[in-house]
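Inside the fold
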Amino acid sequence: MPTKAPVLLIHGGASGRLLRGRKRAEVSASLTRILNSAYPLLLEGASAVEAVTAAVAELENDTLYNAGRGSKLQSDGRIRMSASIMDGHRRRFAGCVNVESLKNPVYLARALLKRPDRVLSGRGAARFARQLGLPFSNPYTPEQRHRYELRRRGKTGTVGAVALDRDGRLAAATSTGGKGFEYPFRVSDSPTSAGNFANAVCAVSATGTGEQIVEFAAASTVCAWVEAGLPLRSAVRRLLRNAGRFKGEFGLIALGKDGDFTASTTTKAIVWAAATQKGFTIPEF
Ligand code: ASP
């Protein structure tokens, strides 16, 4: 297979509020740091699955985002996290739903890619993570607890990554702490093929109101349209135009097999950054 120029695209959610005030500089620095650590993996020949796993794990470790350590609390005051990965080359999806205290839910999703039962929830997911020896840690940050106590939703967003590796394989990963204040055990779009999908020609990670992302089957629909021959950007435009008509509030990052990519949203902004062989693109937020 010919060697492709690898691409890594990451996002930190479609909540433009993260971009207000002093947080902007922090967000840009964080996105740059994460690209600096994950993109070289692709240059060294790592698979797209490895690259999206590494990028999302870094995003989960950063309390700027609503995933892993920075997760929002559900209405009963508990944090339950969800994550998924899709290997577009093998067309395999795996995910975990509503896991508590797991340090990096994306690592559990990664491990589940090799299993016959590939989406686990709650206690079963936790038990399997313990069997694997994955680290658990306390995800409750004082900031998120404070916001919960004030009944404020907060400014942070779900995270995701899509990658194209040197062998032309695509993958997508998405991780979230949910919407914040949701009914306990509500299921997010992030561990579903609506929120996270990849095939041989396209990889998509979505963010925004999970219920609407599911109602539009957003990520899988964009990938199916690209597979059917629609150019990547047209597929994304069409999907978001339809969503806009129904007041859909979500966005996505999408990457095609030729390296073309886009980050688009029906909301005010989506936090994103990209790395290609030509350098990094970190928008002026
Ligand atoms: N999509 C996530 C959810 O609904 C939230 C987000 O992307 O900010 O759980």
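Residues numbered from 1 in each chain as written. Predicted model: local features only at pLDDT ≥ 70, side-chain atom pairs only at ≥ 80, totals over all residues. Heavy atoms only, no water.

As for the pattern of salt bridges
- Counted according to the given criterion, the structure contains 13 salt bridges.
- The residue Arg-33 makes a salt bridge to Glu-58 at a minimum N-O spacing of 3.1 Å. One end of the pair, Arg-33, is in helix α1 (residues 23-43); the other, Glu-58, is in helix α2 (residues 48-61), and 25 residues separate them in sequence.
- Note that Arg-78 is salt-bridged to Glu-100, the shortest N-O span being 2.6 Å. Of this pair, Arg-78 sits in the loop between α2 and β2 (81-87) while Glu-100 sits in the loop between β3 (92-99) and α3 (105-112), and the two are 22 residues apart along the sequence. (Salt bridge = Lys/Arg side-chain N within 4 Å of Asp/Glu carboxyl O. Helix = DSSP H or I, 4+ residues; strand = E, 2+ residues; numbered from the N terminus.)

With respect to the nonpolar core
- Counting residues in each nonpolar core, the largest one holds 49 residues, and the members touching the most others are Leu-8, Ile-10, Tyr-65 and Leu-108.
- If near-sequence neighbours (up to four positions away) are discounted, Leu-108 is found in contact with Cys-96, Val-99, Leu-102, Ala-125, Phe-128, Ala-129, Leu-132 and Leu-134.
- Judged by nonpolar contacts, the second largest core, of 38 residues, contains Phe-216, Ala-235, Leu-252 and Ala-274. (Core = buried A, V, L, I, M, F, W, Y, C linked by side-chain atoms within 4.5 Å. Buried < 20%, exposed > 50% of the residue type's maximum accessible area, 1.4 Å probe, protein only. Contact = heavy atoms within 4.5 Å.)

What to know about the site of the ligand
- Around the ligand, a shell composed of Thr-158, Thr-176, Gly-178, Lys-179, Arg-186, Ser-188, Asp-189, Thr-207, Gly-208 and Gly-210 is seen.
- A distance of 2.8 Å separates an oxygen atom of the ligand from a polar atom in the side chain of Thr-158.
- One nitrogen or oxygen atom from the main chain of Gly-210 is found 2.9 Å from an oxygen atom belonging to the ligand.
- Relative to its free-state accessible area of 270 Å², the ligand is covered by the protein chains to the extent of 93%. (Near = heavy atom within 4 Å. Polar contact = N/O pair within 3.5 Å; in protein donor to acceptor, adjacent residues only side chain to side chain. Areas by Shrake-Rupley, 256 points an atom, 1.4 Å probe, with all protein chains shown as cover.)

Concerning the layout of surface pockets
- Within this model, the second largest pocket holds a volume of roughly 160 Å³.
- Lining the second largest pocket are 13 residues, and of these Val-49, Asp-87, Arg-90, Arg-110 and Leu-113 lie nearest its centre.
- Of the residues that constitute the lining of the second largest pocket, the class distribution is 4 nonpolar, 2 polar and 7 charged. (1 Å grid on protein atoms, 1.4 Å probe; cavity = no way out; pocket = protein on both sides within 12 Å on 5 of 7 lines; lining within 4 Å. Points joined across faces, edges and corners; volume = space filled by probe spheres on them. Nonpolar A, V, L, I, M, F, W, Y, C, P; charged D, E, K, R; others polar.)

Quick notes on the pairing of strand β9 (residues 250-256)
- Extensive coverage of β9 is indicated by the burial of 7 of its 7 residues.
- Neither face of β9 is exposed, since Phe-250, Leu-252, Ala-254 and Gly-256 on one face and Gly-251, Ile-253 and Leu-255 on the opposite face are all buried.
- Sheet topology note: the strand β8 (residues 202-208)/β9 ladder contains 7 bridges and is antiparallel. The residue of β9 that forms the bridge with Ala-203 is Leu-255.
- Counting the residues in the hairpin turn of β9 and strand β10 (residues 261-265) gives 4 residues, including Gly-259, whose phi is positive at 90°. (Pairing = 2+ DSSP bridges.)

A few points about the packing of aromatic side chains
- Here the structure, examined in full by the defined rule, presents 3 aromatic pairs.
- Here Phe-216 and Phe-250 contribute two aromatic rings whose centre-to-centre distance is 6.0 Å and whose plane-to-plane angle is 45°, an arrangement assigned as tilted. Taken together, the positions of Phe-216 in the loop between α6 (210-215) and α7 (218-227) and Phe-250 in strand β9 put the pair 34 residues apart, joining distant regions of the chain. The pair formed by Phe-216 and Phe-250 is uniform in burial state, with each residue classed as buried.
- Looking at Arg-80, its charged tip hangs above the ring of Phe-185, at a distance of 4.0 Å from the centre.
- It is Arg-238 that lies over the ring of Trp-225; its NZ or CZ is 5.1 Å from the centre. (Phe/Tyr/Trp six-rings, centres within 6.5 Å; stacked < 30°, edge-to-face > 60°. Lys NZ or Arg CZ within 6 Å of the ring centre and 35° of its normal.)

Function-wise, these values are silent; they only describe arrangement.
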